[in-house]
Amino acid sequence: MGPMYFVMAILGCADGSEDCRAARMVPIHYTSMAACRADLADQLARNTDVPYPVIGADCRRAGVEIAANGRARPRG
């Protein structure tokens, strides 16, 4: 069973920030949502080459989470 961690998706969006899609995943595992959010501006600045008119970023849970019944289930 692996740990819970957070990842950041760089999003590419149509004009007006509509119809956003994950364009790439940042290859860093963050130990908390706060740590991921603290790195948003830095990662957006490093990923301006995404071929969309508007870019954004989103932090997401990943890894393994214990379900209520005690079984591990993948998240992401």
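Attention in this report is confined to the structure presented alongside it. (Residues numbered from 1 in each chain as written. Predicted model: local features only at pLDDT ≥ 70, side-chain atom pairs only at ≥ 80, totals over all residues. Heavy atoms only, no water.)

### Observations concerning the nonpolar core
Phe6, Met8, Ile10, Val26, Tyr30, Cys36, Val50 and Cys59 together form the largest nonpolar core, which totals 8 residues. Setting aside residues up to four positions removed in sequence, Phe6 forms contacts with Ile28, His29, Tyr30, Thr31, Ser32, Met33, Cys36, Arg60, Arg61 and Ala62. (Core = buried A, V, L, I, M, F, W, Y, C linked by side-chain atoms within 4.5 Å. Buried < 20%, exposed > 50% of the residue type's maximum accessible area, 1.4 Å probe, protein only. Contact = heavy atoms within 4.5 Å.)

### Considering the pattern of salt bridges
By the definition in use, this model includes 4 salt bridges. Taking the shortest distance from any N to any O, the salt bridge between Asp49 and Arg24 comes out at 2.9 Å. Here Arg24 lies in strand β2 (residues 18-25) and Asp49 lies in the loop between α2 (40-46) and β3 (54-66), a separation of 25 residues in the sequence. Of the charged contacts in the structure, one is a salt bridge between Asp42 and Arg46, with a shortest N-O distance of 3.7 Å. Taken as a pair, Asp42 and Arg46 lie in helix α2 at a separation of 4 residues, close to a single helical turn. (Salt bridge = Lys/Arg side-chain N within 4 Å of Asp/Glu carboxyl O. Helix = DSSP H or I, 4+ residues; strand = E, 2+ residues; numbered from the N terminus.)

### Some thoughts on the environment of Ile55
Looking at the element boundaries, Ile55 is found in strand β3. On the basis of relative accessibility, which here comes to 27%, the residue Ile55 falls in the partly exposed class. As for Ile55 and Asp15, which are separated by 40 residues in sequence, their C-alpha atoms are 9.7 Å apart. Leave out the neighbours within four places in its chain, and Ile55 touches Leu11, Leu44, Asn47, Thr48 and Val50.

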